[in-house]
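Notes for the structure review
Chain by chain, the residues:
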Amino acid sequence: MADIHGYGTAVPYYRIKIEEINRAWNRSGGRGEKAVPAPDEDVVTLCVKAARRALAHSETEARNIGVIYACSVSTGYGEHTVAGSIALALGIEGSVTLCDVGLSMRSVTSAIQACNDAITAGRIEYGLVVSGDILRARPGSDGELSSGAGAGAVILGASDGIAQIDGIVSHSDGFIGQYRPEGGFAEMDDERFVFQKGFAEHVTRAARRLMETSGIALEEFAHVVIGAPEPRWAGRVVSQLGVAPEKLFSVGSQIGLAGCAGVLIDVAATLEERAQPGEKILAISWGPGGSDALAFTVRKASPSRPTVAEQLAEKEYVSYTTYLRYLKLLGE
């Protein structure tokens, strides 16, 4: 198995409070906030920022990167290569393999699996997996309260990294549940049905299969990260798995749902704020098609700069009309 040699994250500077969104629609309450990209920020710029930070953190020379996987469900392109734009920005060219992966928020963990396989097989020395999303929801909808933005990246290598991958497994059955037509907003079938037959079933089966194949008992994990389309879902699944709720960690209440990047941002925050050398982290993704479960063991404490906490602390709040304008939801 490969090691994580470095990671980087990118969280937009602007935020909007959930109560500000509710107030605009004559609704009361609302806790937390979410990230809002600046007018000149897009998926590519966020991914490049996270990738540069990951490369610097790993102290790996760009010329040693053998593959770049770029994961997103919101690039806005029908034909393009985000991986190519990242390679150009990092000064990587030549024999590097470029691969764009999308259509499911689970794609980032699928890319980590593929990158791990390439390293284990000896085809490449180092690989870059970068994910970024700017999620837009229909104004006034429930999805508007959670759709956020952000990017995360990891550099994988053969050994001697800051964290070791102990195992990766998948549970797939083709269940869709959540979808978004090209150019449209995300839609979800009956939420209760999607949670029970899609999310909960996929996540728990992936987790249990990881325990079986890796030989790691569930109680050995000190920290748990679960990518979920609804903030409440991760907590409900943790109780089904029998994991202590305090082990679950996420910064989603401060940036919203960051799409493919959510799992990597939460893993980064866990490494920086909670995990100690020798502790194990369980990370589970979910998206149309199923779930992937990954087990990590932390080797050493080595925070990337700026940390997730530092980025969360540096912010400026915007009004609801500014939020609509920045996300180009006014028909501009």
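A brief report on the enclosed structure follows.

1. Considering the overall build of the protein
- Secondary structure summary: the protein contains ten helices and 14 strands in total.
- Its C-alpha radius of gyration of 19 Å places the protein within 12% of the 20 Å reference for a compact globule of 332 residues.
- If you line up the protein on its principal axes, its C-alpha atoms span 55 × 45 × 35 Å.
- Within the span of the protein, comprising 332 residues, buried residues form 56% of the whole.
- In the protein, 78% of the contacts between residues at least 6 apart in sequence involve partners at least 24 apart.
- About 14100 Å² of surface is accessible on the protein, with carbon and sulfur atoms providing 48% of the total.
- Averaging the positions of the 31 positive and the 40 negative side-chain charges in the protein gives two centres separated by 3 Å.

2. Structural notes on the sheet that holds strand 14 (residues 316-317)
- If you walk across this open sheet you meet the three strands as 3-2-14, and the pairing is mixed. Strands with a single pairing partner mark the edges of an open sheet, and in this sheet they are strand 3 (33-36) and strand 14.
- Across two bridges, strand 2 (residues 14-17) lies against strand 14 in parallel orientation. The residue bridging Y14 from the neighbouring strand is E316, located in strand 14.

3. Overview of the sheet that holds strand 11 (residues 221-226)
- What the nine strands build is an open sheet, ordered 5-4-6-7-1-8-13-12-11; its pairing is mixed. At either margin of the open sheet sits one strand with a lone partner, and together these are strand 5 (97-101) and strand 11. Each strand of the sheet is rotated relative to its neighbour by a mean of 25°, with strand direction disregarded.
- Judged from the nine bridges that link them, strand 8 (residues 163-172) and strand 13 (residues 290-298) form a sheet pairing that is antiparallel. Paired with S172 across the strands is G290, a residue of strand 13.
- Relative to the sheet, helix 5 (residues 191-214) contacts strand 8, strand 11, strand 12 (280-287) and strand 13, its axis offset from that of strand 8 by approximately 135°.

4. Description of the nonpolar core
- In terms of nonpolar packing, the biggest core is built from 48 residues, with I112, C115, V129, L156, V251 and I255 touching the most fellow members.
- Here L156 is in contact with A2, D3, I4, H5, I112, C115, N116, I119, E125, Y126, G127 and I165, once residues within four sequence places are set aside.

5. Regarding the packing of helix 5 against helix 6 (residues 231-241)
- At their nearest, the axes of helix 5 and helix 6 sit 10 Å apart, and the two run at 50° to each other. Our classification of the angle between helix 5 and helix 6 gives oblique. Like other packed secondary-structure pairs, helix 5 and helix 6 cross with a definite hand, here right-handed. Contacts from E191, V194, F195, F199, A200, V203, T204, A207 and R208 of helix 5 reach helix 6 at R232, W233, A234, R236, V237, Q240 and L241.
- Here the contact of helix 5 with helix 6 is composed, by residue class, of ten nonpolar, two polar and four charged.

6. Considering the environment of A137
- Counting through the fold element by element, A137 comes out in the loop between strand 6 (126-134) and strand 7 (149-157).
- By relative accessible area, A137 is classed as buried at 8%.
- For the pair formed by A137 and G184, sequence separation is 47 residues and the distance between their alpha carbons is 8.8 Å.
- The residues touching A137, leaving out its near neighbours within four places in the chain, are G143, E144, S147, F185 and L329.

7. Side note on the pattern of salt bridges
- Evaluation of the coordinates by the stated rule reveals eleven salt bridges.
- The partner of E20 in a salt bridge is R23, with the nearest N and O atoms 2.7 Å apart. Of this pair, E20 and R23 both sit in helix 1 (residues 18-24), three residues apart, which is roughly one turn of that helix.
- Among the residues examined, E20 registers a relative accessible area of 22% and is labelled partly exposed.
- A cluster of three or more residues bridged by salt bridges with shared partners is formed by K197, E201 and R205.

Definitions and limits used
Residues numbered from 1 in each chain as written. Predicted model: local features only at pLDDT ≥ 70, side-chain atom pairs only at ≥ 80, totals over all residues. Heavy atoms only, no water. Helix = DSSP H or I, 4+ residues; strand = E, 2+ residues; numbered from the N terminus. Rg over C-alpha atoms; globule rule 2.2 N^0.38 Å. Buried < 20%, exposed > 50% of the residue type's maximum accessible area, 1.4 Å probe, protein only. Contact = heavy atoms within 4.5 Å. Areas by Shrake-Rupley, 256 points an atom, 1.4 Å probe, with all protein chains shown as cover. Lys, Arg positive; Asp, Glu negative; His and termini not counted. Charge placed at Lys NZ, Arg CZ, Asp CG, Glu CD. Pairing = 2+ DSSP bridges. Axes fitted to C-alpha atoms, helices over the stretch in contact; angles between N-to-C directions. Core = buried A, V, L, I, M, F, W, Y, C linked by side-chain atoms within 4.5 Å. Parallel < 35°, antiparallel > 145°, perpendicular 65-115°, else oblique. Left-handed = near helix turned anticlockwise from the far one by under 90°. Nonpolar A, V, L, I, M, F, W, Y, C, P; charged D, E, K, R; others polar. Salt bridge = Lys/Arg side-chain N within 4 Å of Asp/Glu carboxyl O.

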